[in-house]
Amino acid sequence: ASKDKVTLTSSDTGVFTVAYDAAAKKATLTGVAAGTAKLTAASADGKTSKSIDVTVTAVAASAVKLYNGQEDVTGKAVTVNQTQYAQLAAKVFGEGDKPASDQAVTWSVEDAKVATVSGGKIVAVAAGTTTVTATEPKSGVKATVTVTVPDAQVTRVATPTFSQPNGATFTAKQLIQVDCATVDA
């Protein structure tokens, strides 16, 4: 039975990794980055081995999608209230919705007076509408989302009232008591 045992290795795990299921006698190769490396099968005793070249090709970017949590918001509108933020994630895809080799994107915002963006974090600045864009730099493929920041909603305004008459006078180092209360406007 030991004559059936083999080990499989990648000469460069930066190009591909290999997982071997000895019971099923099947190997799974996982591409890591574009390049060429050797896949070597060796007998358990190390006396016999055979190698082949394995080439991993890059999956070129053909689409960028934007997500707010699990929701695809590409080309849609997102509302961010003033003093709040939304965290978006960008995923880059190649042909057939396969993940592209390069997932890096650059973020930009059309009007920084309405919102700012850094690493997908959109921070509301002031009321208005703007567009946030994620661009895969090598291909120029991009995705956008419309960001709306509504007017701030004021739900309660407190007006101070004083029990002393307006224009009360006092001297330096004199301590006076001022009663203060708030009432709804």
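Details of the structure are given in the entry above.
Source: prediction; values computed, not measured. (Residues numbered from 1 in each chain as written. Predicted model: local features only at pLDDT ≥ 70, side-chain atom pairs only at ≥ 80, totals over all residues. Heavy atoms only, no water.)

S.K.: Whenever I open this one, the environment of Thr116 confuses me. Can you help?
M.R.: Mapped onto the elements of the fold, Thr116 is located in strand E12 (residues 115-118). For Thr116, a relative accessible area of 34% corresponds to the partly exposed category. Separated by 16 residues in sequence, Thr116 and Val132 place their C-alpha atoms 8.6 Å apart. Beyond its immediate stretch of four places on either side in the chain, Thr116 contacts Val109, Lys121, Ile122, Val123 and Val125. (Helix = DSSP H or I, 4+ residues; strand = E, 2+ residues; numbered from the N terminus. Buried < 20%, exposed > 50% of the residue type's maximum accessible area, 1.4 Å probe, protein only. Contact = heavy atoms within 4.5 Å.)

S.K.: Explain the pairing of strand E14 (residues 128-135) here, please?
M.R.: Walk down a regular strand and you will see the side chains alternate between the two sheet faces. Bridge count for strand E11 (residues 106-109) against E14 is 4 bridges, and the pairing is antiparallel. Following the sheet pairing, Trp107 is matched in E14 by Ala134. Pairing geometry for E14 and strand E15 (residues 142-149), over 8 bridges, is antiparallel. Across the sheet, the residue bridging to Thr130 is Val147, located in E15. With antiparallel pairing between neighbouring strands as the criterion, E14 and E15 make up a hairpin whose turn holds 6 residues, including Gly140 at a positive phi of roughly 80 degrees. (Pairing = 2+ DSSP bridges.)

S.K.: Help me understand the sheet that holds strand E1 (residues 6-10) in this model?
M.R.: In a beta sheet, neighbouring strands pair by backbone hydrogen bonds and run either parallel or antiparallel. Across the sheet, 3 strands lie side by side as E1-E4-E5; this open sheet has antiparallel pairing. Each edge of the sheet is formed by a strand with only one pairing partner; in this case those strands are E1 and strand E5 (49-56). Taking the axes of each pair of neighbouring strands and ignoring which way they run, one obtains an average angle of 20 degrees across the sheet. As defined by bridge partners, strand E4 (residues 35-43) adjoins E5 across 8 bridges and the pair is classed as antiparallel. (Axes fitted to C-alpha atoms, helices over the stretch in contact; angles between N-to-C directions.)

S.K.: I tried to follow the packing of aromatic side chains on my own but got confused; where do I start?
M.R.: Per the counting criterion, the structure on display carries 0 aromatic pairs. Looking at Lys65, its charged tip hangs above the ring of Phe93, at a distance of 5.2 Å from the centre. A cation sits over an aromatic face here: Lys121 above Tyr85, 4.4 Å from the ring centre. (Phe/Tyr/Trp six-rings, centres within 6.5 Å; stacked < 30°, edge-to-face > 60°. Lys NZ or Arg CZ within 6 Å of the ring centre and 35° of its normal.)

S.K.: Can you help me understand unusual backbone geometry in this one?
M.R.: Note: most peptide bonds trans; most residues except glycine with negative phi. In this model, Lys25 sits at a positive phi of 55 degrees, which is unusual for a non-glycine residue. You can see Lys25 is positioned in the loop between strand E2 (16-21) and strand E3 (26-31). According to the relative accessible area criterion, Lys25 is exposed, its value standing at 56%. With a phi angle near 70 degrees, Thr83 is a residue other than glycine that sits in the positive phi range. Assignment of secondary structure puts Thr83 in the loop between strand E8 (77-79) and strand E9 (85-87). A relative accessible area of 72% places Thr83 in the exposed class.

S.K.: Help me understand the nonpolar core in this model?
M.R.: As a rule of thumb, nonpolar side chains are buried together in soluble globular proteins. One finds Val64, Leu66, Trp107, Ile122, Val145 and Val147 to be the most contacted residues of the largest nonpolar core, which totals 24 residues. Elements that contribute at least two residues to this core include exactly strand E6 (63-68), strand E10 (89-93), E12, strand E13 (121-124), E14 and E15. Tallying contributions element by element places E15 first for this core, with 4 residues. When neighbours within four sequence positions are excluded, Leu66 is seen to be in contact with Glu71, Asp72, Val73, Thr74, Ala89, Ala90, Trp107, Ala134, Ala143, Thr144 and Val145. Leu8, Phe16, Ala37 and Val54 belong to the second largest nonpolar core, which has 7 residues in total. (Core = buried A, V, L, I, M, F, W, Y, C linked by side-chain atoms within 4.5 Å.)

S.K.: Which parts of the structure should I look at to understand the sheet that holds E15?
M.R.: Judged by pairing direction, the sheet is mixed, and its 4 strands sit side by side in the order E8-E15-E14-E11 without closing on themselves. The sheet is open, and its two edges are formed by E8 and E11, each paired on a single side. The mean angle between the axes of side-by-side strands here comes to 25 degrees, regardless of whether they run parallel or antiparallel.

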